[in-house]
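# Coordinate inspection notes
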Amino acid sequence: MAHYEDNRPSWDEYFMSMAELTAKRSTCLRRHVGAVIVKDRHIIATGYNGAPRGVAHCAEKGGCLREELGVPSGERHELCRALHAEQNAIIQAATLGQSIEDGAIYITHQPCAICAKMIINAGIKRIVVREGYPDSLAVDILDEAGLKVITMGKETTEK
């Protein structure tokens, strides 16, 4: 029997690629974020950052209020028209009646403090991100809850 090299992506890279694809649906003018919730290697829900159903997004409204006001990234989320990718994924799972407890979430960016609290209360046990986000409170809250954020480079993480 011939030996072959397994060039398939790792599970982490596979699900992160899906989060990156999901981010392409984002309507945010500042940052495109995608999230995929996985349980037992099955996708439960996806989400991207964008305005709620039936509500105009920033491009349709003529611009981003936070950008116009010079609000730094990671601050004053209440001024944003959009839900975050993690929020949309958690809501999608709830709408479909899917438990995400003990699951994992793959996100293109580290969650903010609001999303971190939602992830904790949803019972998600593993967080994998592609890159950081300027919210040290989120890191502190996740750390206190015993959740480590795994930052993934382009290398494989879990086969």
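Residues numbered from 1 in each chain as written. Predicted model: local features only at pLDDT ≥ 70, side-chain atom pairs only at ≥ 80, totals over all residues. Heavy atoms only, no water.

Just so we agree on the cut-off: UniProt positions are given in the numbering used here, feature names are shortened, and annotations may be inferred rather than shown by experiment.
You'll find the protein chain entered in an unreviewed UniProt entry as Cytidine deaminase, with Hornefia porci given as the organism. In the Sequence similarities (unreviewed entry) part of its UniProt record, the protein chain is described as follows: "Belongs to the cytidine and deoxycytidylate deaminase family." Under the UniProt heading Cofactor (unreviewed entry), the note attached to the protein chain is "Zn(2+)".

## Overview of the side chain of Ser26
Cut-off, in case you're wondering: Where helices and strands are cited, they refer to DSSP runs of H or I of at least four residues and of E of at least two residues respectively, numbered from the N terminus. Throughout this description, buried means an accessible area under 20% of the type-specific maximum (1.4 Å probe, protein chains only), exposed means over 50%, and partly exposed covers the range between. Any N or O atom pair separated by 3.5 Å or less is treated as a polar contact, with the protein-specific requirement of one donor-capable and one acceptor-capable atom, and with residues adjacent in sequence counted only for side-chain atom pairs. Should any heavy atoms of two residues lie within 4.5 Å, those residues are considered in contact.
Note that Ser26 resides in the loop between helix H1 (11-23) and strand E1 (34-39). What makes Ser26 buried here is its relative accessible area of 9%. Only 2.7 Å separates the side chain of Ser26 from the side chain of Asn49, close enough to count as a polar contact. Contact partners of Ser26, with chain neighbours within four places excluded, come to Arg31, His32, Val33, Tyr48 and Asn49.

## What to know about the sheet that holds strand E5 (residues 149-151)
Stated precisely, the cut-off is as follows: For two strands to pair, DSSP has to find at least two bridges joining them. Axis lines are fitted to C-alpha atoms, over the contacting stretch for helices. Their N-to-C directions set the angle, which ranges from 0 to 180 degrees.
Pairing in this open sheet of five strands is mixed, and the strands run E2-E1-E3-E4-E5 from one edge to the other. Every interior strand has two partners, whereas the edge strands, strand E2 (42-48) and E5, have only one. When the angles between neighbouring strand axes are averaged without regard to direction, this sheet yields 20°. Packing against the sheet, helix H4 (residues 85-96) makes contact with E1, E2 and strand E3 (104-109), and its axis sits at approximately 130° to E2.

## Quick notes on the layout of surface pockets
The test is simple: Points on a 1 Å grid, built from protein atoms alone, make a cavity when a 1.4 Å probe fits but cannot get out and make a pocket when they are open with protein on both sides within 12 Å along at least 5 of 7 lines; residues with an atom within 4 Å of a point are the lining residues. Grid points are joined across faces, edges and corners, and a volume is the space filled by probe spheres set on the points. Each residue is assigned to one class: nonpolar for Ala, Val, Leu, Ile, Met, Phe, Trp, Tyr, Cys and Pro, charged for Asp, Glu, Lys and Arg, and polar for all the others, Gly among them.
For the largest pocket, the calculated volume is near 380 Å³. Tyr48, Ala51, Arg53, Leu83 and Asn88 are, among the 16 residues lining the largest pocket, the residues nearest its centre. Put simply, the parts of the chain that give the lining of the largest pocket at least two residues each are E2 and H4. In terms of residue class, the lining of the largest pocket is made up of seven nonpolar, eight polar and one charged.

## What to know about the UniProt feature "binding site: Zn(2+)" (unreviewed entry) in the protein chain
Taking the UniProt record as the reference, the feature "binding site: Zn(2+)" (unreviewed entry) is found at His84, Cys112 and Cys115. Spatially, the listed residues are clustered: although they cover 32 residues, their C-alpha atoms lie within 8.9 Å of one another. Within the annotated group, the residues that form the lining of the second largest pocket are His84 and Cys112. Tracing the chain through its elements places His84 in the loop between helix H3 (65-68) and H4. Residues in contact with His84, not counting those within four places in the same chain, are Tyr48, Asn49, His77, Cys112 and Cys115. Excluding anything up to four places from it in sequence, Cys112 contacts His77, His84, Glu86, Tyr133, Asp135 and Ala138.

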